Amino acid sequence: MRVVIADDEALLREGLSRLLAEVGVEVVASVGDSGALLRRVALDSPDVAIVDIKMPPTRTDEGVAAALTIGRQYPGVGVLLLSHYLDSRYAMRLLDERSGRVGYLLKERVSDVRVLVDALNRIAEGECVLDPSIVSRLLDRRRRDSPLQQLTDRERQVLRLMAEGRSNHNIAATLVLSPKTVERHIGNIFTKLDLAESDDYHRRVLAVLAVLRAT
Amino acid sequence: MAGGLRLTRAAQLVVPLIGVLVGLATFAIVRGSPGYAMAGASTFLAALELAAGWLLLCAATVAVRRPARRLFGLAVWLASLAWFVVEWNTPGVGSAWAFTAGVVFATVYPVVVTDAVLRYADWRSGAVTSVVVGGAYLSTIGLAGLLPALFFDPAASGCQECPANLLLIRAGPQVVEQLSRAAVYAGVGWAAFFIGVLGWRLARASAARRRAAAPVVVPALVFLGAVGVDHVHSWGRGYLGTDEVDRRLWAVQGSLLILIAAGTGWSYVRRRRTRSAVAKLVVDTADISAPGGLDRSLGAALGDDSLRVLYPLGDGRWVDHAGRPVVPDDSRGMTRLTRGDVPIALLTHRRGVLDEDGVADEIAGAAGLALDNGRLQAQRRAQLADLRASRGRIVAAADAERRRLERDLHDGAQQRLVALSLAIRLAQLRPAGQGDSSASVRLDRAQMEVTAALAELRNVARGLYPRELADEGLSAALEILAEASSIPVTVDAPVERFPHPVEAAAYFAVAHRLADTAAVQAAVSLRRDGDRLRLEIEDDGPPGDLVRIEDRVGALAGTLSIEPAPGSGTRIRVELPCGS
C-alpha cells in the first residue's frame, strides 16, 4: 500500500507518516497544499491520497476540489478525505461525483490505526468509506412517519454498514452472518424503504444515504 | 434694517392724520382755483385725486405696522403727500409757504411712487437702480423744483393772484425755462429706465414672486408709461404743463395709483389667507400626529406637495419626520424656521413658495406646537435608529468574534489534539517495556480522553458559529442544524444568500429555539418576501423564553411574533429586513 498525505499541518503530516510506517503502509510523499498534492499524485501514482479538506489558500474545501480532480485525471488513485466537520453534504458530493475509491473520515480517526488501515484498504479495492459518526447521526436522529421505523434491529445494523460503504462480503464478516443472510436482509431493507434493487454497489450506497438524509 | 425706524403709537396715528388733512386741504385748493388745478375741471377728477391720495395713505398705514414693510410704508406715505402737493403751486393755496413747497415738489410724485414700488418688490437694492432713483429725485426736486424756484417770480410770469415765492432771488424766466427743459429731458430718461427695470425684474422673477409682485408692479408700469408719455408730450414745450393732454394723462396716473394701492391691499389679503391656512394647522392636530402629517399639512397650506420639514438634531445633522438623516438639497428652496435665534426646523420646498417675507415667521409662530411635536418625534426616531444601528454593530462584532473563535478552535486546538492522539497511538505501538500492559491501558485511556475532547470541541465550535453558515449560507446551515438536532426537524429554505447579519439572526433564532424548546418535533420555513426575510418556526412545545431571539431580531429592526400552534404548540414568526 502506497499513500500520499496532503495536510497543511506539519505536525499532523509527521505523526501520520510515522504511524502509517509502523503498520507497513508506505508514505511516498507528504505535502502541504493541493497543487503539490496533484504533482505528487502524477509522479508517484499512489494507491490512495489522504487529503485534509481544509488547505491553503482559502482553507475551506480545497480538499474536495482536489479529490474530484484526482478522480477525473487519475481514476485509479483513491482519495481519503479528512475533515473536522460532520458534514454529510461533503460526503454526498464526493460520492455523487466519484464512482468509488473515495472516503470521508473525521480527522481524529487517523489515530485509530485499525479504522484508518481498513479505510485505506477498502478504498484501494474500489469501495467507498463514510465515517461511522456521520452515518450514526443520520441513522439515529429521531424521525416520525419514516419507513426506517419499520426496520428490525438487525436490518438497521446492516443498513448502517451499507451506509458506511461496506460490501456484502464485508458486512457478512463484520456481523458474522452468512452472505446469503446478508443478501436477504438487504432485500428486505430495499423493499421496506421502497428502493429499486441494484447490483451496482456504488449506486446502492448513494441511494441509502439519500434516504437517510431525506427522511 | 427697519429696526431703527421705530414708530410710536402716537406717530402711527399722526402720520395718517397728516395725510387726511393734506388731502382735505388740497381738495379745498382745487375748489379755490379750478382753472389752475389739474383736478379743477370736474368734481369727478377732484374725487379721483382725493381717492388716489387717500388710498395710498391707507396702504401706507397698513404697511408701517409691519417692521419688514416700514420703509415701504413711509415711501407710500410720502408718495401720497407728493401726489397732493401737485396742486399747491396754484393761487388757491393761499399760503406763501405752501405755494413755495408746491413749486419745489410739484413733479416729484412719480419718482416717490416708483421708489415705493421698488421697495415693495425688494428690487431697490441694485447699484444702478439706486443711482437712477437718486438722479430722478435730484432732477424732479432740483432741476424742476428748487433751482428754478430761485428765479421764478409768479407775478412776473402772469399769475397775479399767486402767493409769493419765498425762494425767489431774482426773476430769470430764461434760466427757469432752461432748467425745466433739462428736467423734462431727464424725465423721459428715468421714466424709460424705471419701466425697463420693473419690466425686466418682473419677467425674471420666480412664479411665486411674480404672483406676489404683479398686482403692484403691473399698474406701476402703466403709471410710469403715462408719466413718460407726459414728459415726451412736454418735450417741445420744455415744461410740464396743464393742457388737456397733461390733465388726461394725470387722470390716468391717478387711476393707476388707486390700482397700485389696491395691489398692496391684495397682497395683504393673500398673506392673511396664508396665515389663516397655517394657523389652521394648529387645530389640525389629528392630521399632524400621523407620520409626515405636518409635511402634508404645510404643503397643502402653501400649495407645494414636495414640501418637507426637516428637524435639527443639534449636532449639525438634519432629519426628516421619520428621523432619517437628510442632507438639505441646495437645488431646492430652503427656509429656516427659528425661534429666537434657535433653529427649530428647515423647510425644503419649490423655489419661490416662501419668498414672501414674514411667512416663515408666521409658520414658526402658528405651527409652533406642531413643529415642536414633530421635532421631538423626529429626534426620538433618530435616536432610536442610532441605538438600533449600535445594537446591530454590537451583534455583528460579536458574530465576527464567534467566527474567529470557531476558526481558531479548528485550526489550533483541534489540530493539536489530533496530533496528540497520533503521538499516543505511536507510543502504544512501541511500548517502552515489553509486555508492560498497565502502560498500554493508561495510553488507551488517554486516547479515549482525547477523542472525547475532540468531539466536545467540535460541538463547541459549531455552537459558536457553524462553518457552513459563513461559507454556504442559511439553507445549508439549517439543513445541518436539523440533521444534528435531537428532535425531528423539517426545513424548507431557499438556497439563497442574505446579508451575514440577517443569516446569523435567522440561524441563531432557529438554533436557540431548537435548543430551548421542550417540543418533540419542529418545522422551520424560510422565504423572501420583497425586502423582508420571513422565518417561521413551528413546534409542539410551549413558548418558553424567547429573549435571546428577540435581542438578535431587534438589533436588525426585525419583528418577532408568537402565536399558538396546533397541539398546544408555538409558532414563532420572525421578519427581518434583508435589502432587495
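Provided above is the structure to which this section pertains.
Residues numbered from 1 in each chain as written. Chains lettered and ligands numbered in written order. Predicted model: local features only at pLDDT ≥ 70, side-chain atom pairs only at ≥ 80, totals over all residues. Heavy atoms only, no water.

Novice: Help me out: how do you make sense of the overall build of chain B in this one?
Specialist: Tallying secondary structure elements over chain B gives 18 helices and 10 strands in all. Scored against the burial criterion, the 580 residues of chain B give a buried share of 46%. Here the contacts in chain B between residues at least 6 apart in sequence split such that 68% fall between residues at least 24 apart. When the accessible surface of chain B is split by element, carbon and sulfur atoms take 61% of a total near 27200 Å². (Helix = DSSP H or I, 4+ residues; strand = E, 2+ residues; numbered from the N terminus. Buried < 20%, exposed > 50% of the residue type's maximum accessible area, 1.4 Å probe, protein only. Contact = heavy atoms within 4.5 Å. Areas by Shrake-Rupley, 256 points an atom, 1.4 Å probe, with all protein chains shown as cover.)

Novice: Would you mind going over the packing of helix 5 (residues 109-121) of chain B against helix 6 (residues 127-151) of chain B with me for this structure?
Specialist: For any two helices packed against each other, one specifies the inter-axial angle together with the distance between the axes. Residue and element names in this part refer to chain B. Their axes nearest at 10 Å, the elements helix 5 and helix 6 cross at an angle of 160 degrees. When the axes of helix 5 and helix 6 are compared, the pair comes out roughly antiparallel. Seen along the crossing, helix 5 lies across helix 6 with a hand that is left-handed. Across from Val111, Val112, Asp115 and Leu118 in helix 5, the residues of helix 6 making contact are Thr129, Val133, Ala136, Tyr137 and Thr140. Broken down by class, the residue content of the contact of helix 5 with helix 6 amounts to six nonpolar, two polar and one charged. (Axes fitted to C-alpha atoms, helices over the stretch in contact; angles between N-to-C directions. Parallel < 35°, antiparallel > 145°, perpendicular 65-115°, else oblique. Left-handed = near helix turned anticlockwise from the far one by under 90°. Nonpolar A, V, L, I, M, F, W, Y, C, P; charged D, E, K, R; others polar.)

Novice: Can you walk me through helix 7 (residues 153-163) of chain A in this structure?
Specialist: Each α-helix winds once per 3.6 residues, and so residues spaced three or four apart point in a common direction. Residue and element names in this part refer to chain A. Among all positions of helix 7, only Glu155, Val158, Leu159, Leu161, Met162 and Ala163 are buried. In this structure, the buried side of helix 7 is in contact with strand 6 (128-130), helix 6 (132-140), helix 8 (168-175), helix 9 (179-192) and helix 10 (201-214). Of the residues one or two after helix 7, Gly165 is the one with positive phi, at around 95 degrees.

Novice: How do you make sense of unusual backbone geometry when you look at a structure like this?
Specialist: A negative phi holds for most residues other than glycine; trans holds for most peptide bonds. Residues and elements named next belong to chain A. For the peptide bond that leads from Pro56 to Pro57, omega is 5 degrees, which places it in the cis range. Tracing the sequence through the fold places Pro57 in the loop between strand 3 (48-52) and helix 3 (62-73). Positive phi values are uncommon outside glycine, yet Arg101 reaches one of about 55 degrees. Using a relative accessible area of 26% as the deciding quantity, one classes Arg101 as partly exposed.

Novice: What exactly am I supposed to notice about the interface of chain B and chain A here?
Specialist: Accessible area lost when the parts come together is the quantity often used to give the size of an interface. At the junction of the two partners, chain B supplies 37 residues and chain A supplies 35 residues. When the two sides are added together, the surface that chain B and chain A hide from each other amounts to roughly 3200 Å², 52% of it contributed by carbon and sulfur. Per-residue buried area on chain B facing chain A is highest for B:Gln415, B:Leu422 and B:Glu483; these three make up 22% of the total on that side. Counting across the interface, chain B meets chain A through six salt bridges. Ionic pairing is found between B:Arg467 and A:Asp87, a salt bridge with its closest N-O pair at 2.9 Å. Taken together, the connections running from chain B to chain A amount to 12 residue pairs in polar contact (both at pLDDT 80 or more). For the side of chain B that touches chain A, the secondary-structure elements that each account for two or more residues are helix 13 (368-429), helix 14 (437-464), helix 15 (467-471) and helix 16 (474-484) of chain B. Broken down by element, the side of chain B that touches chain A gets its largest block of residues, 13 residues, from helix 13 of chain B. Residues of the side of chain B that touches chain A, tallied by class, amount to 15 nonpolar, 10 polar and 12 charged. (Buried area = accessible area lost by both parts, 1.4 Å probe. Salt bridge = Lys/Arg side-chain N within 4 Å of Asp/Glu carboxyl O. Polar contact = N/O pair within 3.5 Å; in protein donor to acceptor, adjacent residues only side chain to side chain.)

Novice: Any chance you could explain the pairing of strand 6 (residues 489-492) of chain B here in plain terms?
Specialist: Along a regular strand, successive side chains alternate from one face of the sheet to the other. All names here are of chain B. Here strand 6 runs beside strand 7 (residues 522-529); their pairing, made up of four bridges, is parallel. For Val489, the partnering residue across the bridge sits in strand 7 and is Ala522. Note on the crossover from strand 6 through helix 17 (residues 500-516) to strand 7: the handedness is left-handed. (Pairing = 2+ DSSP bridges. Right-handed = clockwise from strand over helix to strand, strands pointing away.)

Novice: Hey, could you run me through the sheet that holds strand 10 (residues 569-577) of chain B in this one?
Specialist: Where strands meet in a sheet, backbone hydrogen bonds hold them as pairs that are either parallel or antiparallel. Residue and element names in this part refer to chain B. Pairing is mixed across the open sheet formed by five strands, whose spatial order is 6-7-8-10-9. Among the strands making up the open sheet, the edge pair consists of strand 6 and strand 9 (559-565). Neighbouring strand axes in the sheet, compared pairwise and without regard to direction, differ in orientation by 15 degrees on average.

Novice: Which parts of the structure should I look at to understand the state of the cysteines?
Specialist: When the sulfur atoms of two cysteines share a covalent bond, that bond is a disulfide. Residue and element names in this part refer to chain B. Inspection of the entire model under this criterion finds one disulfide over all chains. Each sulfur of the disulfide joining Cys159 and Cys162 lies 1.9 Å from the other. On the S-S bond that ties Cys159 to Cys162, the torsion sits near 85 degrees, and the link is right-handed. Classification of Cys162 by relative accessible area gives buried; the value is 15%. (Disulfide = S-S within 2.5 Å.)

Novice: Looking at this structure, how should I read helix 3 (residues 70-85) of chain B?
Specialist: Taking 1.5 Å of rise per residue, the 16 residues of helix 3 of chain B would be expected to cover 22 Å, and the 23 Å separating its terminal C-alpha atoms lies within 8% of that figure. Most of helix 3 of chain B is tucked away, with 13 of its 16 residues classed as buried. (Expected span 1.5 Å × (residues − 1).)

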